[in-house]
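So you can see what is in the structure, the chains are spelled out below.
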Amino acid sequence: MEVIRTIKALKQKVAEAKEKNKSVGLVPTMGALHQGHISLVERARKDNDVVVVSVFVNPTQFNNPEDLRTYPRTEEADCALLEKAGVDYAFIPSVEEVYPEPDTRRFDLGPVAEVMEGAMRPGHFNGVAQIVSKLFDMVQPHRAYFGEKDFQQIAVIRKMAQICGFDIDIIDCPIKREADGLAMSSRNVRLTPHQREVAPAIHKVLSESVAMKNSNSVEEVKKFVTDSINSVDEMEVEYYEIVDPLTMQPIEKWEDAVNGNPVGCVTVYCGNVRLIDNIKY
Ligand code: PAF
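First things first, this report covers the structure right here in the doc. These numbers come from a predicted model, not from an experiment.

On to the sheet that holds strand β6 (residues 169-173). Pairing within the open sheet is parallel, and its six strands lie in the order β1-β4-β3-β2-β5-β6. The sheet terminates laterally at β1 (2-4) and β6, the two strands that pair on one side only. Strand-to-strand twist across the sheet, computed as the mean angle between neighbouring axes with direction ignored, equals 25°. Its contacts with the sheet place helix α7 (residues 124-139) against β2 (24-29), β3 (50-55), β4 (89-91), β5 (143-147) and β6, and it is angled at close to 155° to β2.

Written as structure tokens, this is what we have:
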């Protein structure tokens with residue numbers, strides 16, 4: 001595996017691969033890698049001749065400076081994991097390399113970006129669109145891989161790709177969980193031992209709520225999930241929405257999800273650690 005730190009070198013390597021008619025897969029990450037990321041890399045490895053993984057804590061998508069400051073940065077361990085997973089190129093640029101000038105682009109992402117994370121984290125999705133569009137532009141991969149834990153993010157990235165006219169297959173990969181059900185996340189390392197012990201309640205409650213679909217209204221299921229998680233020590237639900245899987249718009253009746261199974265999306269503060277998860281109904 002080669003570590004690349006400049007856009008020029010990255011473009012050169014990708015151009016060499018494409019000259020040889022090789023397919024290129026991109027896995028964008030913010031580092032602090034875990035098995036969830038590695039599952040994306042494995043999928044990319046299977047689908048493509050050349051795999052590029054970017055490791056970049058993107059400042060423009062953090063609406064909370066404290067979150068940006070304390071975001072885990074573990075470059076050495078990340079490189080060891082990527083090497084083992086058979087990555088060809090790890091692109092690890094500095095902030096100055098990616099943003100030599102402030103990025104003032106405003107993406108008109110529409111309704112998919114206005115609800116849930118979009119409502120709670122102003123500017124977050126615009127920042128995601130900025131960095132992912134830059135990465136798409138630099139690499140112009142055949143395929144790009146994203147985890148379904150950030151369910152809404154995938155819809156936003158698809159919208160950005162459509163606006164910008166990128167001809168890239170955007171591939172969503174299932175959530176990876178710890179043995180006790182907690183969705184893998186780089187933020188899990190911030191949990192205290194007690195918070196780590198109670199955090200699996202999120203997935204447990206969501207799973208239990210699936211069986212309620214046949215005999216309960218959307219509102220009743222939302223109340224069950226919210227009340228059950230809130231009753232756990234140190235946990236507070238920020239939002240729980242059940243949405244159409246394509247438009248991300250909250251539904252009121254189960255049949256309002258016209259594009260497939262409804263998806264329940266939750267954000268929970270466990271102490272001061274913000275965790276997200278989701279489940280298909
Ligand atoms: O999901 C993430 O880790 C980030 O939002 C992404 C897609 C790498 C953009 O910085």
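Attention shifts here to helix α2 (residues 35-47). Between its first and last C-alpha atoms α2 spans 18 Å; for 13 residues at 1.5 Å apiece the expected length is 18 Å, and the two agree. All of the buried residues in α2 are G36, H37, I38, S39, L40, V41 and A44. Elements in contact with the buried residues of α2: β2, β3, α4 (75-84), β5 and β6.

Glancing now at the site of the ligand. All residues adjacent to the ligand are P28, T29, M30, Q61, I131, F146, D150 and Q153. The contact in question runs from an oxygen atom of the ligand to an N or O atom on the side chain of Q61, over 2.6 Å. Contacts to the ligand include Q153, whose side-chain N or O atom sits 2.7 Å from an oxygen atom. When the ligand is considered free in solution it has 290 Å² of accessible area, and contact with the protein chains removes 89% of it. Taken atom by atom, the bulk of the ligand overlaps the largest cavity. In the shell around the ligand, the residues fall into four nonpolar, three polar and one charged.

Below, the discussion takes up a negative patch on the surface. A cluster of like negative charges, contributed by E219, E220, E252, E255 and D256, occupies part of the molecular surface. Here E255 lies in the loop between β7 (235-243) and β8 (263-270).

Quick look at the side chain of R187 now. Note that R187 resides in the loop between β6 and α9 (193-198). Looking at R187, the relative accessible area reads 15%, which means it is buried. Other than its neighbours up to four places away in sequence, R187 contacts F62, D67, Y71, R121, V273 and R274.

This paragraph deals with unusual backbone geometry. If you check the backbone angles, N21 has positive phi at about 60° while not being a glycine. Relative to the assigned elements, N21 resides in the loop between α1 (7-19) and β2. Of the residues examined, N21 reaches a relative accessible area of 70% and is grouped as exposed. Positive phi is not limited to glycine here, since A32 has a value of about 50°.

It is worth spelling out the layout of surface pockets at this point. Size it by volume and the largest pocket reaches roughly 290 Å³. What lines the largest pocket is a set of 14 residues, and nearest its centre among them are N64, D67, Y269, N272 and R274. Tallying contributions element by element places helix α3 (residues 65-70) first for the lining of the largest pocket, with three residues. For the lining of the largest pocket, the per-class residue count stands at three nonpolar, four polar and seven charged.

Rules used in this analysis
- Residues numbered from 1 in each chain as written.
- Predicted model: local features only at pLDDT ≥ 70, side-chain atom pairs only at ≥ 80, totals over all residues.
- Heavy atoms only, no water.
- Pairing = 2+ DSSP bridges.
- Helix = DSSP H or I, 4+ residues; strand = E, 2+ residues; numbered from the N terminus.
- Axes fitted to C-alpha atoms, helices over the stretch in contact; angles between N-to-C directions.
- Contact = heavy atoms within 4.5 Å.
- Expected span 1.5 Å × (residues − 1).
- Buried < 20%, exposed > 50% of the residue type's maximum accessible area, 1.4 Å probe, protein only.
- Near = heavy atom within 4 Å.
- Polar contact = N/O pair within 3.5 Å; in protein donor to acceptor, adjacent residues only side chain to side chain.
- Areas by Shrake-Rupley, 256 points an atom, 1.4 Å probe, with all protein chains shown as cover.
- 1 Å grid on protein atoms, 1.4 Å probe; cavity = no way out; pocket = protein on both sides within 12 Å on 5 of 7 lines; lining within 4 Å.
- Sits in = over half its atoms within 2 Å of the grid points.
- Nonpolar A, V, L, I, M, F, W, Y, C, P; charged D, E, K, R; others polar.
- Patch = residues over 30% accessible without salt bridge, like charges linked within 9 Å, V, L, I, M, F, W, Y side chains within 5 Å.
- Salt bridge = Lys/Arg side-chain N within 4 Å of Asp/Glu carboxyl O.
- Lys, Arg positive; Asp, Glu negative; His and termini not counted.
- Charge placed at Lys NZ, Arg CZ, Asp CG, Glu CD.
- Points joined across faces, edges and corners; volume = space filled by probe spheres on them.

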